[in-house]
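# Observations on the model geometry
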Amino acid sequence: MNFASLAGIILLLFSLPAALAAAIQIRFLIGCRKERTTAIVFATVLQFIYLFARLLGLPLIGGILFFQGWKLEPIFGFAFFLLGLAYFSELVINFKSQRDAWRLRKNLSNPKPRSI
């Protein structure tokens, strides 16, 4: 077990939640929007690319790093660990921004009456 294998495990564990978040975003873009502008279509196509990359690419990269990471020199293993950590932090930031946007949409669609 080295840094590259650890990065592979992290990428493997977060591939399914990342793909699920992309699928939910696609459902929102297709189902909740009535208009079909070019920006909506482009965002939907981009989310499909994200879905396939997160569903197929992340487990593939994580599996390669986990099973073949022991062959790397220590400096390369550490570099791949930092790369996996950077990608993981980007996933967390993306999840947080999507969750905040979802909460904002939910509050805008169901405004609570204010008490005085």
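This section reports on the structure supplied with the text.

Conventions and cut-offs
- Residues numbered from 1 in each chain as written.
- Predicted model: local features only at pLDDT ≥ 70, side-chain atom pairs only at ≥ 80, totals over all residues.
- Heavy atoms only, no water.
- Helix = DSSP H or I, 4+ residues; strand = E, 2+ residues; numbered from the N terminus.
- Buried < 20%, exposed > 50% of the residue type's maximum accessible area, 1.4 Å probe, protein only.
- Contact = heavy atoms within 4.5 Å.
- Areas by Shrake-Rupley, 256 points an atom, 1.4 Å probe, with all protein chains shown as cover.
- Core = buried A, V, L, I, M, F, W, Y, C linked by side-chain atoms within 4.5 Å.
- Phe/Tyr/Trp six-rings, centres within 6.5 Å; stacked < 30°, edge-to-face > 60°.
- Salt bridge = Lys/Arg side-chain N within 4 Å of Asp/Glu carboxyl O.

Glancing now at the overall build of the protein. Tallying secondary structure elements over the protein gives 4 helices and 0 strands in all. Helices and strands in the protein line up, N terminus first, as α-α-α-α. Evaluated residue by residue, the protein yields a buried proportion of 26% over its 116 residues. Long-range contacts, defined as pairs at least 24 residues apart, comprise 81% of the intrachain contacts of the protein with a sequence gap of at least 6. For the protein, the computed accessible surface area is about 8,500 Å², with 73% contributed by carbon and sulfur atoms.

Among the nonpolar cores identified, the biggest contains 8 residues, and these are Ala4, Ala7, Leu11, Ala18, Leu58, Leu65, Phe81 and Leu91. Considering each element in turn, this core owes the most residues, 3 residues, to helix H1 (residues 3–13). For Phe81, the residues in contact, after removing those within four places along its chain, are Phe3, Leu6 and Ala7.

Right, let's get into the environment of Phe14. Within the fold, Phe14 resides in the loop between H1 and helix H2 (15–31). Using a relative accessible area of 28% as the deciding quantity, one classes Phe14 as partly exposed. When the C-alpha atoms of Phe14 and Leu91 are compared, they prove to be 8.4 Å apart, with 77 residues separating the residues in sequence. Sequence-distant contacts of Phe14, that is, excluding residues within four places in its chain, are made with Leu58, Phe88 and Leu91.

Let's shift gears to the packing of aromatic side chains. Taken as a whole and assessed by the stated rule, the structure comprises 2 aromatic pairs. With a centroid separation of 4.9 Å and an interplanar angle of 75 degrees, the aromatic rings of Phe66 and Phe67 are classed as edge-to-face. Here Phe67 falls in the exposed class, since its relative accessible area comes to 54%.

All told, the structure shown has 1 salt bridge when counted by the stated rule. Across the salt bridge formed by Lys96 and Asp100, the nearest N and O atoms sit 3.0 Å from each other. Taken together, the residues span about one helical turn, with Lys96 and Asp100 both in helix H4 (residues 74–109) at a distance of 4 residues. Since its relative accessible area comes to 47%, Lys96 is described here as partly exposed. Residue Asp100 is classed as partly exposed on the basis of its relative accessible area of 30%.

The next point concerns the environment of Leu51. Along the chain, Leu51 turns up in helix H3 (residues 38–68). Residue classification places Leu51 among the buried positions, given a relative accessible area of 14%. Sequence separation between Leu51 and Ala23 is 28 residues; the distance between their C-alpha atoms is 6.4 Å. Each residue touching Leu51, except ones within four places of it in the same chain, is listed here: Ala19, Ala22, Ala23 and Ile26.

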